[in-house]
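Here are the chains, one letter per residue:
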Amino acid sequence: MKEDQSSYRQITKATSLFGGVQVFNIIIAIIRSKFIAVLLGPIGMGIAGLLNSTTDLIGGLTELGLGKSAVRDVSSANGTGDKIRIATVVTVLRRWVWVTGTLGVLIMLVLSPWLSQLTFGNRDYTLAFIWISITLLFTQLTSGQLAILQGMRKLQYLAKASLSGSALGLIITIPLYYRFGIKGIVPAIIFTSVISLLLSYYFAKKVKIESVKVSLVSTLAEGKNMLILGFMISLSGLTALGASYIVRIFISKTGSVEQVGLYTAGFAIINTYVGLVFTAMGTDYYPRLSAVAHSNELCKQAINQQAEIALLILAPILMVFLVFIKWVTIILYSNKFIAIDEMIHWAALGMFFKAATWSIGYILLAKGASKIFFWNELFGNIYLLGLNILGYHFLGLTGLGISFMVGFLLYFIQVFVLSKIKYQFSFDSAFIRIFAFQFLLAISCFIIVKIAGKPYSYISGMGLIMISVWYSYKELDKRLGIKSIITGFRN
């Protein structure tokens with residue numbers, strides 16, 4: 001029991017550290033989004049969303065997934081304790097991020113007129129794409145430095161880099177939006193990437209790495225496995241980015257750029273504000289799961305523990321969004337964005353399935369099953385894209401929320417069956433009990449919001465939220481010994 005409690009506390013410790021970071025980042029994001037919503041409106045948010053999604057698409061094509069695959073290699077090298085081995089892997093990584101980052105810049109420069117035509121229906125944004133092409137290099141160099149920090153478990157440096165980057169990014173970008181309006185979007189994107197790069201280098205320099213000479217042949221040989229896994233991750237990420245890009249283009253063509261802005265704002269709430277739990281946990285979870293990847297039984301234990309903690313933390317947050325989304329939207333954006341409320345109601349239910357899927361999905365990366373990972377992600381993104389297009393075509397923004405929920409239900413079934421067949425994975429009864437209870441409460445919140453008028457839906461919903469909080473506390477106390485920790489502080 002003490003060993004299990006130690007595992008749960010390790011999960012919670014990392015989650016607390018990066019949860020705090022993510023909360024701070026979210027506060028910054030809220031302030032930034034509020035300024036963008038007020039100063040630029042849905043149209044400005046739509047333009048920013050299209051520019052960023054296009055840049056992400058090209059980046060996904062050229063970065064070769066090194067930011068993720070390298071964590072596994074650096075972590076393995078760090079586990080050996082061999083300083084020369086660590087230095088070799090780090091040197092190889094730093095060389096390859098320069099190559100892939102430069103490739104991204106060149107491709108975007110060449111394709112900028114075509115990207116403007118495809119994205120906006122004209123070539124008015126060609127110069128914008130030319131300018132922001134440099135961010136592909138900056139972003140790739142940043143991801144390399146952060147992969148080193150994560151792989152070597154320098155989590156405090158990683159946290160500080162994220163915190164300071166968010167704060168400085170806000171200080172610099174908000175005046176640009178205020179002074180230049182929509183014309184300030186491109187400079188804001190560039191300055192943000194420069195700040196992230198400088199800070200990542202600053203904190204990575206604090207990690208003492210030996211100086212070694214690595215030949216070109218060794219660079220290719222050492223980078224082979226890193227590149228193969230990274231390439232598969234990149235392809236799968238590219239399909240996700242491509243699907244997101246196609247959805248935005250479809251909305252822009254059949255609806256309007258303003259609708260793209262509403263879609264972007266809605267899923268920023270779900271994927272950024274609610275998804276902070278995934279971001280916080282994933283920083284430590286991936287290297288930790290990789291360390292026990294040799295054993296299916298240990299993987300099963302780690303996944304179940306991670307899934308339980310994720311759901312216990314997420315469920316009350318999701319219910320707050322279900323009940324009070326109107327006020328959340330107004331606070332985060334403005335009255336102009338209330339149209340996204342229905343979409344978020346459905347998407348919030350889908351996040352329960354995403355939480356379970358997210359916990360299982362890392363096993364493919366930890367095992368190094370690059371081909372299986374790619375085909376799994378490709379298949380999931382294809383039907384999610386189809387569902388999104390059908391959802392928006394028939395039901396508009398609400399249809400996108402429904403497609404999110406249905407898509408992640410199907411994806412959950414897919415990943416669960418795959419991991420069960422391939423790695424003998426199964427959920428423990430404890431997770432099933434937690435999922436069933438919290439999801440039932442969420443469904444109750446959803447129904448109450450739909451059928452009850454104000455203020456009755458708020459009153460009833462608040463009661464259900466309190467039940468969810470109480471249940472999460474009781475279950476977390478069983479796993480972490482919260483009462484004993486509090487008692488220890490008092491004494």
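Residues numbered from 1 in each chain as written. Predicted model: local features only at pLDDT ≥ 70, side-chain atom pairs only at ≥ 80, totals over all residues. Heavy atoms only, no water.

Trainee: I tried to follow the overall build of the protein chain on my own but got confused; where do I start?
Mentor: Within the protein chain, the regular secondary structure consists of 17 helices and zero strands. Each of the 491 residues in the protein chain was classed as buried or not, and the buried ones make up 57%. Looking at the protein chain as shown, the accessible area adds up to about 21500 Å², and 68% of this sits on carbon and sulfur atoms. (Helix = DSSP H or I, 4+ residues; strand = E, 2+ residues; numbered from the N terminus. Buried < 20%, exposed > 50% of the residue type's maximum accessible area, 1.4 Å probe, protein only. Areas by Shrake-Rupley, 256 points an atom, 1.4 Å probe, with all protein chains shown as cover.)

Trainee: Honestly, the packing of aromatic side chains in this entry has me stumped. Any pointers?
Mentor: Two aromatic rings are characterised by how far apart their centres lie and by the angle between their planes. Taken as a whole and judged by the stated rule, the model has 28 aromatic pairs. When the ring of Phe 120 is compared with that of Tyr 125, the centres are 3.9 Å apart and the planes differ by 20°; the resulting orientation is stacked. In this structure Tyr 125 comes out as partly exposed when scored by relative accessible area, which is 23%. A network of ring pairs unites the aromatic residues Phe 352, Phe 353, Phe 412, Phe 416, Phe 425, Phe 427, Phe 431, Phe 435 and Phe 439 as a single cluster. The ring of Trp 327 carries Lys 326 above its face, with NZ or CZ at 5.7 Å from the centroid. (Phe/Tyr/Trp six-rings, centres within 6.5 Å; stacked < 30°, edge-to-face > 60°. Lys NZ or Arg CZ within 6 Å of the ring centre and 35° of its normal.)

Trainee: Help me understand a nonpolar patch on the surface, please; the structure alone is not making it clear to me.
Mentor: A contiguous nonpolar patch, built from Ile 27, Ile 31, Phe 35, Val 38, Leu 39 and Tyr 178 and spanning about 570 Å² of accessible area, is present on the exposed surface. Ranked by residues supplied to the nonpolar patch, first place goes to helix H1 (residues 2-39) with five residues. Summarising the element assignment, Val 38 is placed in helix H1. Classification of Val 38 by relative accessible area gives exposed; the value is 55%. (Patch = residues over 30% accessible without salt bridge, like charges linked within 9 Å, V, L, I, M, F, W, Y side chains within 5 Å. Salt bridge = Lys/Arg side-chain N within 4 Å of Asp/Glu carboxyl O.)

Trainee: Can you help me understand the side chain of Thr 62 in this one?
Mentor: For Thr 62, the location among the structural elements is in helix H2 (residues 41-62). A polar contact is formed between the side chain of Thr 62 and the backbone oxygen of Ile 58, at a distance of 3.1 Å. Here Thr 62 is in contact with Thr 100, Leu 103, Gly 104 and Ile 107, once residues within four sequence places are set aside. (Polar contact = N/O pair within 3.5 Å; in protein donor to acceptor, adjacent residues only side chain to side chain. Contact = heavy atoms within 4.5 Å.)

Trainee: I tried to follow the nonpolar core on my own but got confused; where do I start?
Mentor: Soluble globular proteins tend to pack their nonpolar side chains together in the buried interior. One finds Leu 51, Leu 93, Tyr 333 and Leu 400 to be the most contacted residues of the largest nonpolar core, which totals 149 residues. In terms of residue count, the dominant contributor to this core is helix H12 (residues 296-332) (18 residues). Among residues more than four places away in sequence, those in contact with Leu 400 are Val 247, Ile 251, Tyr 263, Phe 267, Met 343, Asn 388, Gly 391 and Tyr 392. (Core = buried A, V, L, I, M, F, W, Y, C linked by side-chain atoms within 4.5 Å.)

Trainee: What am I meant to see in the environment of Phe 353 here?
Mentor: Looking at the element boundaries, Phe 353 is found in helix H13 (residues 341-366). Residue classification places Phe 353 among the buried residues on the basis of a relative accessible area of 9%. In sequence terms Phe 353 and Leu 409 are 56 residues apart; their C-alpha atoms lie 5.7 Å from each other. Setting aside anything within four residues of it in sequence, one finds Phe 353 in contact with Met 405, Phe 408, Leu 409, Phe 412, Phe 435 and Phe 439.

Trainee: Where do I start with the packing of H13 against helix H14 (residues 370-423) in this structure?
Mentor: In a pair of packed helices, the angle between the axes and the distance between the axes together describe the arrangement. Here H13 crosses H14 at 20°, and the two axes come no closer than 9 Å. Judged by the inter-axis angle, H13 sits roughly parallel to H14. The chirality of how H13 crosses H14 is left-handed. In terms of residue class, the contact of H13 with H14 is made up of 26 nonpolar, seven polar and two charged. (Axes fitted to C-alpha atoms, helices over the stretch in contact; angles between N-to-C directions. Parallel < 35°, antiparallel > 145°, perpendicular 65-115°, else oblique. Left-handed = near helix turned anticlockwise from the far one by under 90°. Nonpolar A, V, L, I, M, F, W, Y, C, P; charged D, E, K, R; others polar.)

Trainee: Would you take a moment to explain the environment of Ile 107 for this structure?
Mentor: Along the chain, Ile 107 turns up in helix H4 (residues 83-120). Those residues in contact with Ile 107 that sit more than four places away from it in its chain are Ile 58 and Thr 62.

Trainee: What is the right way to read the side chain of Ser 112 from this model?
Mentor: In this structure, Ser 112 sits in helix H4. For Ser 112, a relative accessible area of 1% gives the class buried. For Ser 112, the contacting residues outside a window of four places in its chain are Thr 126, Phe 129 and Ile 130.

Trainee: Mind showing me how you'd approach the pattern of salt bridges here?
Mentor: Opposite charge on two side chains permits pairing when their charged atoms draw close. Taken as a whole and judged by the stated rule, the model has three salt bridges. For Lys 450, the salt bridge goes to Glu 342, with nearest N and O atoms at 2.5 Å. Here the residue Lys 450 occupies a position in helix H15 (residues 429-451), and Glu 342 occupies one in helix H13, the gap between them amounting to 108 residues. Owing to a relative accessible area of 33%, Lys 450 belongs among the partly exposed residues under this scheme. For Glu 342, a relative accessible area of 35% corresponds to the partly exposed category. When the shortest N-O distance is used, the salt bridge between Arg 433 and Glu 475 registers 3.8 Å. You can see Arg 433 sitting in helix H15 and its partner Glu 475 sitting in helix H16 (residues 456-480), a full 42 residues away along the chain. Accessibility expressed as a relative area gives 40% for Arg 433, which makes it partly exposed. Looking at Glu 475, the relative accessible area reads 3%, which means it is buried. When salt bridges with common partners are traced through the structure, they connect Arg 433, Glu 475 and Lys 478 into a single cluster.

Trainee: Help me understand H2, please; the structure alone is not making it clear to me.
Mentor: A turn of α-helix holds 3.6 residues, and therefore any two residues three or four places apart point the same way. Relative to the 32 Å expected for 22 residues at 1.5 Å per residue, H2 spans 32 Å between its end C-alpha atoms, a close match to the ideal helical length. Burial of H2 is extensive: 18 of the 22 residues sit out of reach of the surface. Count one or two residues on from H2 and you reach Leu 64, which has phi positive near 60°. (Expected span 1.5 Å × (residues − 1).)

Trainee: Please clarify how the packing of H15 against H16 should be interpreted in this entry.
Mentor: Relative to each other, H15 and H16 sit at 170°, their axes nearing to 9 Å. Viewed along their axes, H15 and H16 adopt a mutual orientation that is roughly antiparallel. Contacts between H15 and H16 pair Ala 430, Arg 433, Ile 434, Phe 437, Gln 438, Leu 441, Ser 444, Cys 445, Ile 448 and Val 449 from the former with Ser 457, Ser 460, Gly 461, Leu 464, Ile 467, Ser 468, Tyr 471, Ser 472, Glu 475 and Arg 479 from the latter. In terms of residue class, the contact of H15 with H16 is made up of 10 nonpolar, seven polar and three charged.

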